[in-house]
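Each chain, letter by letter, is given below.
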Amino acid sequence: MNLYSYILRRLLYVIPVLLGVCFLIFIIFNVVAPDPAYLLLGRHATIEQIATLHRELGIDRPFWEQYLAVVKTAFTFDFGYSWSSKQQIWEMIKAGAGPSLSITVPLFVITNTIAISIALLVSFYRGKFIDKAVLLISIAMMSISSLAYILFGQYFFAYKLGLFEISGYEPGFPHFIPYVILPIILYVAISWGPDTRFYRSVILDEVYQDYVRTARAKGVGELSIMFKHVLKNAMIPILTYVIIQIPFLILGLLLAEAFFSIPGLGGITIKAINTSDFPVIKAMTILSAVGFIIFGVITDVLYTVVDPRMRLK
Amino acid sequence: MTTATETMNLTVPKKQKASKSLWQHAFSTIVKDKLACTALIVVAIYFFIALMTFLGIIANDWGATVGPSYAEPSADYIFGTDIFGRSVFLKMIKGAETAVAIGLVTSAISLVIGTTLGALAGYFGGLIDELVVWFYTTFSSIPFIMLLVAIAFIMGKGTSTVFISLGVTSWVGLCRIVRGEVMKHKDREYSQAASALGAGHLRKIFKHILPNISHVLIINFSLTFESAIKAEVILSYLGLGVQGRPSWGTMIDDSKLELARGVWWQLGAATLAMFIIVLAFNILGDALRDALDPKLKGK
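Residues numbered from 1 in each chain as written. Chains lettered and ligands numbered in written order. Predicted model: local features only at pLDDT ≥ 70, side-chain atom pairs only at ≥ 80, totals over all residues. Heavy atoms only, no water.

**Topic: the interface of chain A and chain B**
The partner chain B presents 39 residues to the 47 residues of chain A that form the contact. Overall, the association of chain A and chain B removes approximately 3,700 Å² of surface from exposure, summing both partners, and the carbon and sulfur fraction of that is 79%. Along the contact surface separating chain A from chain B lie 1 salt bridge. At the boundary of chain A with chain B, the tally comes to 6 residue pairs in polar contact (both at pLDDT 80 or more). Elements that contribute at least two residues to the side of chain A that touches chain B include exactly α1 (3-32), α6 (129-142), α7 (146-160), α12 (254-259), α13 (265-274) and α14 (278-306) of chain A. Looking at the side of chain A that touches chain B, the element that brings in the most residues is α1 of chain A, giving 10 residues. Residue classes in the side of chain A that touches chain B are distributed as 36 nonpolar, 9 polar and 2 charged. (Contact = heavy atoms within 4.5 Å. Buried area = accessible area lost by both parts, 1.4 Å probe. Salt bridge = Lys/Arg side-chain N within 4 Å of Asp/Glu carboxyl O. Polar contact = N/O pair within 3.5 Å; in protein donor to acceptor, adjacent residues only side chain to side chain. Helix = DSSP H or I, 4+ residues; strand = E, 2+ residues; numbered from the N terminus. Nonpolar A, V, L, I, M, F, W, Y, C, P; charged D, E, K, R; others polar.)

Printed below as a string of C-alpha cells:
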C-alpha cells in the first residue's frame, strides 16, 4: 500500500470514530442529562416558560435531529452560548487559548526535554544505582496527588515564602511570565515522573534488540549506539507520546488554572462544572475529542513516514 | 520374561524435577525482591484496616468531636483536628475504607467490561472485533478526565457516581490488551485440544484461554486501583466526590480553604496516607510485570 492510499484510509476511519464520539456525547448530554429547565428557570417556572426554553435549546426536537446537531458542532465549532456568562462559547475559547498556551507550551518543552534526557542517561546506566534511584524517585513523585502538589506549592512557595505570584494573570508577552512560573514548576514536578518512566521503558525496549548487539560486536562505541541507533529506533513511540500531547496544550491545565486564577480553558471548564454550564462542558469535550482524533491521524501518518513497515498493518 | 520387563522399568529415569510454572516463577521472584515484598505487606495492611473500619471495629467514631476546632497535631491529637474538632487521624483511617472500596469497585467494573469485550473481540474476530475496536477507539478519543467529569457531572453527586464514572472510564486499556492476548492464544495447541474435546466457545474462552492470560488482568488490576484512588481526588475537588463519609479526596479538597490559616495537617495526613498505598501499588505493579511478563524472563 502506498503512502497516499494509507493516508486516505486512515482519514476515512476518522468518520466512524467521530460519529461515535458525537453519539457518546449526545447520549451523555442529551439523553441521560437531567432537564436543564429546572436549572435555568428555577423552581417556579410555568409550563409555557419551560416549553419556550426547550424550543430555544432545541431539546424538544426528536433525538435524531439533536444527534445531527451535535455532529454539526463537531465540524463548525458553533457551540452556542454559555448559560452562565451568556457569551458565545467560541469567543470564550479564543480568549482562553492564549493564557492556556502561555503555560502549557513552556511546560511541554521543559518536561519533555528533561524527561527524555534523564531517560537516556539512566538507560545508559541501566541496572546501576543511578537508574534505580531515578526510577524510585519518579514512582514516588507519581504517587502524590496532583491536587496536593498544587495546594502545597501555592501555599508554601507563593504564600509563605512569597517567591511567586499567588494568583492572577496579565495578558501580553513579558507580563504573564511571573504568573505562570509556579504553575509550570509544579506541573513539571507532576508530569516528570510518568514521562521519564515511559521514555526509559521505551528506550530499554530497544537496548536489548539484536541490532544493538550487532553494533556493539562491530565495535561501535556505547555513546554512538545510544544516540545513533537506539534513540533513532525509540523515536517512533517517543514521537507518538509527544504529538498526542499537543491538542491538550490548548485545553490548558484543568486544576492549576483554577487555583492560580489564570483565565485559560482549563479554568473555564472548571467554572462551567461548578456552575452546571452544560454547553461549555459539552463544547470542551467535543473540542478535546476532535483534537485528539486529528492528532491521532497525524501521528499515524508520521509513523508510516518514519517506519514503512507500519503501513502493512 | 517378567524379570526383563522389571529391569526395563528400573532403567526408566527417575521423575525429573518439574520446571517452574509461570506463577511459581513469579512467586519466587517477588519473594526475593525485598521492595516488592514490603509493598505487598503495605497493601495487605491497608486492606486489613479497610476491612476493620468496614466492620466498625476501628475508627467507627470518626464523626465524634474530640477537641477544639483546628487543634494542631500534638500528643492528644496525632494529626490534629478539623473544623468540627474531629480527629484527622480517624478520618484518615476511615478514608482507607473509602479508597479501598473505590479501588476494588472500579477495578471490578473495568475488569468485567474490559475482559468481556476484549475476549469477545479477540476470540471471534470479524465484525465483532471491528465493532469492539470502534467502540473503544471512540471511548478513548474523549480524554479520560473530560469523560470522567462529564459522566460524573451528569450523574450528580454521590458515592455511586464515583464508582460508576471511574469504572466505565478505565476499561479501555485492559480491553485492548485482552483482545491482543486472546488473539494470540485462540489458535494455540491447548485451545485446539479443547475444541477437539468438544468445548464450546464460551467454555474455551473462560475455562481455557482466560486463565492463561490472567497475569495480564492482575497487572492491570494494580494499575487501575491506584489511578482510581488518584482520580477520586479530582472528583472530590470538583464537588462530585464521595458524600457522607471521609475520603482522602475530600480531605485534600477541604484543605484548600484551610491552608491560608496555616492548617496543613488535613492535607498532610491525606496525602501521606494516599502516597504510601499508591507507591506500594506502583512498586507492586512493576514487580508483578517483571515477574509475570515472559518476555522479560531471565533478564
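**Re the environment of lysine 186 of chain B**
All names here are of chain B. Mapped onto the elements, lysine 186 comes out in the loop between α8 (172-185) and α9 (189-196). On the accessibility criterion, lysine 186 (21% relative accessible area) is partly exposed. Taking the C-alpha atoms as reference, lysine 186 lies 9.3 Å from phenylalanine 124; in sequence the two are 62 residues apart. Residues within four places of lysine 186 in sequence aside, it is in contact with Gly122, Tyr123, Ser191 and Ile209. (Buried < 20%, exposed > 50% of the residue type's maximum accessible area, 1.4 Å probe, protein only.)

**Topic: the packing of aromatic side chains**
Residue and element names in this part refer to chain A. By the definition in use, this model includes 28 aromatic pairs over all chains. Aromatic pair phenylalanine 23 and phenylalanine 26: ring centres 6.0 Å apart, planes at 40°, arrangement tilted. Separated by 3 residues within a single helix, phenylalanine 23 and phenylalanine 26 lie in helix α1, roughly one turn from each other. Taking the relative accessible area as the measure of exposure, phenylalanine 23 reaches 39% and is therefore partly exposed. For phenylalanine 26, a relative accessible area of 5% gives the class buried. (Phe/Tyr/Trp six-rings, centres within 6.5 Å; stacked < 30°, edge-to-face > 60°.)

**Let's talk about the domain arrangement of chain A**
Looking at the assigned domains, one finds that chain A contains domain 1 (3-76) and domain 2 (89-276). Taking the mean C-alpha position of each, domain 1 of chain A and domain 2 of chain A sit 34 Å from one another. (Domains from an automatic or database assignment.)

**Let's talk about the side chain of serine 123 of chain A**
Residues and elements named next belong to chain A. Within the secondary structure layout, serine 123 lies in helix α5 (residues 89-124). The buried category is assigned to serine 123, whose relative accessible area is 0%. If we ignore the near neighbours within four places in the chain, the residues touching serine 123 are Ile203, Leu204 and Met226.

**Observations regarding the confidence of the model for chain B**
Residue and element names in this part refer to chain B. Taken residue by residue, chain B gives an average pLDDT of 85. The fraction at 70 or more is 92%. For chain B, helix α1 (residues 2-11) is the element with the lowest average pLDDT, namely 51, and helix α4 (residues 88-124) is the one with the highest, namely 93. As scored by the predictor, the complex reaches a pTM of 0.85 and an ipTM of 0.84. (pLDDT = per-residue confidence, 0-100.)

**Some remarks on the pattern of salt bridges**
Residue and element names in this part refer to chain A. A full pass over the atoms with the stated rule returns 15 salt bridges over all chains. A salt bridge links aspartate 300 to arginine 10, with the shortest nitrogen-to-oxygen separation between them at 2.5 Å. Of the two residues, aspartate 300 is situated in helix α14 and arginine 10 in helix α1; the sequence distance between them amounts to 290 residues. The class for aspartate 300 is partly exposed, based on a relative accessible area of 23%.

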